[in-house]
Amino acid sequence: MNGLFSLRLTLPAGMAVVLIALLGLFNLDAYQSAHDNLLHVARADALRQTEALARLAQSEPHGPGTRAATEVAIAATDQRTRELVLIDPSGRVELAHRLTWVGKLASELMPDFSPERFARVQRSSLPDLSFDPTSPHLAVLQSHLDRGQDGKLRNLTRGAVLLVYDLGFDLRLLRHQALQRLTLQSGGVLLLMLLLGAVLRWRVTRPLQRLEQAARELTGSQAPAMVQEDGPSEVRQLARSFNNMSSRIQAAQTALENSRAHLASIIDSAMDAIITV
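What counts, and where the lines are drawn
Residues numbered from 1 in each chain as written. Predicted model: local features only at pLDDT ≥ 70, side-chain atom pairs only at ≥ 80, totals over all residues. Heavy atoms only, no water. Helix = DSSP H or I, 4+ residues; strand = E, 2+ residues; numbered from the N terminus. Contact = heavy atoms within 4.5 Å. Areas by Shrake-Rupley, 256 points an atom, 1.4 Å probe, with all protein chains shown as cover. Patch = residues over 30% accessible without salt bridge, like charges linked within 9 Å, V, L, I, M, F, W, Y side chains within 5 Å. Salt bridge = Lys/Arg side-chain N within 4 Å of Asp/Glu carboxyl O. Phe/Tyr/Trp six-rings, centres within 6.5 Å; stacked < 30°, edge-to-face > 60°. Buried < 20%, exposed > 50% of the residue type's maximum accessible area, 1.4 Å probe, protein only. Lys NZ or Arg CZ within 6 Å of the ring centre and 35° of its normal. Core = buried A, V, L, I, M, F, W, Y, C linked by side-chain atoms within 4.5 Å. Expected span 1.5 Å × (residues − 1). Bend = angle between axes of the 7 residues up to and from the residue. Pairing = 2+ DSSP bridges. Axes fitted to C-alpha atoms, helices over the stretch in contact; angles between N-to-C directions. Arc of directions from axis to C-beta. pLDDT = per-residue confidence, 0-100. Polar contact = N/O pair within 3.5 Å; in protein donor to acceptor, adjacent residues only side chain to side chain.

Peer 1: Summarise the overall build of the protein chain; cite the residues concerned and give the values.
Peer 2: Tallying secondary structure elements over the protein chain gives six helices and five strands in all. N-terminal to C-terminal, the α/β element order of the protein chain is α-α-β-β-α-α-β-β-β-α-α. When contacts within the protein chain are restricted to residue pairs at least 6 apart in sequence, those whose partners lie at least 24 apart make up 56%. For the protein chain, the accessible area works out to roughly 17300 Å², and carbon and sulfur atoms hold 60% of it.

Quick look at the structure:
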């Protein structure tokens, strides 16, 4: 049991746990920052794209074969784009990333399309942005003034541009990179702790083990050899103190043995004198 709690094991293990915990907190903070930045960039891109398409739909014809149709086709090549449609005031699709959607009701094509939201956006010139973290889908609905058949703004009725980003792939990639980075860093920490354990064993544990063996010899009434004074300064000082103590003990034992021998010789001489008398 004592071997499990030796210095060369507990110190590196404790440091590894602390460092890995700190790395986890650091990577969690970095992941959250990257997550927030990804959403910020996606929001900015979606708002810019819908605003550009809304201005184009308001200023130019936007049926099939028009410049607006080309811009929709280009925007649909973004891997984040899940849905991109231009909706007329009645709720029918005028342009879409899928040609088969043109002329159909948006509410029939997109289950998550909200007529109430569409009606609310029609009454404003401001974009309506929403994010569903469970999907995770980022949707922007931007209104624009409707054009008449003659290409002029005849009234204040509004159509809208709907752009939906699917951020699932980007978020999964972000999590994968964060986990991979944490795994590599944790592996590096464990390797360093193994090296630290080897250094501790060589520079601290082995000198202490020699001291322990010398102390056992001393308590067993054996004359221990001088302990090598190496390792860190504290261990060297301890070995030096032990050697001094051992030398004094041996000197005291030698003096005691000499005293005993001298006393024994005096007693023998006295006994001889008594016998002679």
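Peer 1: How would you summarise a nonpolar patch on the surface if you had to cite specific residues and measurements?
Peer 2: Together, Leu-11, Met-15, Val-18, Leu-19, Leu-22 and Leu-25 line one region of the surface with nonpolar side chains, adding up to about 510 Å² of accessible area. With respect to the secondary-structure elements, Leu-25 resides in helix H1 (residues 7-59).

Peer 1: Lay out the packing of aromatic side chains in plain terms, naming residues and giving numbers.
Peer 2: Aromatic ring pairs are reported here in terms of the distance separating the ring centres and the angle at which the planes meet. Under the defined criterion, the tally for this structure stands at one aromatic pair. Taking the centre distance of 5.8 Å and the plane angle of 45° together, the rings of Phe-113 and Phe-118 count as tilted. Comparing Phe-113 with Phe-118 shows no difference in burial state: the two are buried. For Arg-80, the ring lying beneath its charged end belongs to Tyr-165, and the centroid distance is 4.5 Å.

Peer 1: Lay out the nonpolar core with the relevant residues and their values.
Peer 2: Core analysis: the largest hydrophobic core is formed by 25 residues, its most contacted members being Leu-84, Tyr-165 and Leu-167. Elements supplying a minimum of two residues to this core: H1, helix H2 (67-75), strand S1 (81-87), strand S4 (137-145), strand S5 (158-166) and helix H5 (168-219).

Peer 1: Any chance you could break down H5 for me, citing the residues and the numbers?
Peer 2: The end-to-end C-alpha separation of H5 is 71 Å, in line with the 76 Å expected for 52 residues at 1.5 Å each. Taking the largest bend as the criterion, H5 deviates by roughly 40°, centred on Arg-201.

Peer 1: Tell me about the sheet that holds strand S3 (residues 128-132), residues and numbers included.
Peer 2: In a beta sheet, neighbouring strands pair by backbone hydrogen bonds and run either parallel or antiparallel. Here five strands make up an open sheet; going across it, the order is S2-S1-S5-S4-S3 and the pairing antiparallel. The open sheet is flanked by strand S2 (93-96) and S3, the only strands paired with a single partner. For this sheet, the mean angle separating the axes of adjacent strands, direction not counted, is 15°. Across nine bridges, the pairing between S4 and S5 is antiparallel.

Peer 1: Break down the pattern of salt bridges for me, citing the residues and quoting the values.
Peer 2: Evaluated as defined, the whole model comprises eight salt bridges. The closest approach of N and O atoms between Asp-78 and Arg-80, which form a salt bridge, is 2.8 Å. Several salt bridges share partner residues, and in doing so they unite Asp-45, Arg-48, Asp-78 and Arg-80 into one network.

Peer 1: Can you lay out H2 for me, pointing to particular residues and giving the numbers?
Peer 2: Regarding H2, the residues found buried are Ala-68, Ala-69, Val-72 and Ala-75. An end-on view of H2 places all buried positions within 125° of arc, on one side of the element.

Peer 1: Lay out the pairing of S3 with the relevant residues and their values.
Peer 2: One ladder, built from five bridges, connects S3 with S4; its direction is antiparallel. Note that in S4 the partner of Leu-129 across the bridge is Val-140. Hairpin connection of S3 to S4: four residues between the antiparallel strands.

Peer 1: Pulling in residues and values, what's your account of the environment of Leu-56?
Peer 2: Residue position: Leu-56 is located in helix H1. Between the C-alpha atom of Leu-56 and that of Ala-68, which follows or precedes it by twelve residues, the distance is 6.4 Å.

Peer 1: Tell me about the confidence of the model for the protein chain, and name the residues and values.
Peer 2: Of all residues in the protein chain, 88% have pLDDT values of 70 or greater, and the mean over the chain is 84. The weakest mean pLDDT in the protein chain belongs to helix H6 (residues 233-276) at 76; the strongest belongs to S1 at 95.

Peer 1: So what's going on with the pairing of S2? Which residues, and what values?
Peer 2: For S1 and S2, the ladder comprises three bridges, and the chain directions are antiparallel. Residue pairing in the sheet places Val-85 in a bridge with Ala-96 of S2.

Peer 1: I'd like a description of the side chain of Gln-142, backed by residues and values.
Peer 2: Within the fold, Gln-142 resides in strand S4. Classification of Gln-142 by relative accessible area gives buried; the value is 9%. Looking at Gln-142, its side chain comes within polar contact range of the main-chain oxygen of Ser-125, at 3.0 Å. Dropping the residues within four chain positions of it, Gln-142 is found in contact with Thr-50, Glu-51, Ala-54, Val-121, Ser-125, Leu-126, Pro-127, Gly-159, Ala-160 and Val-161.

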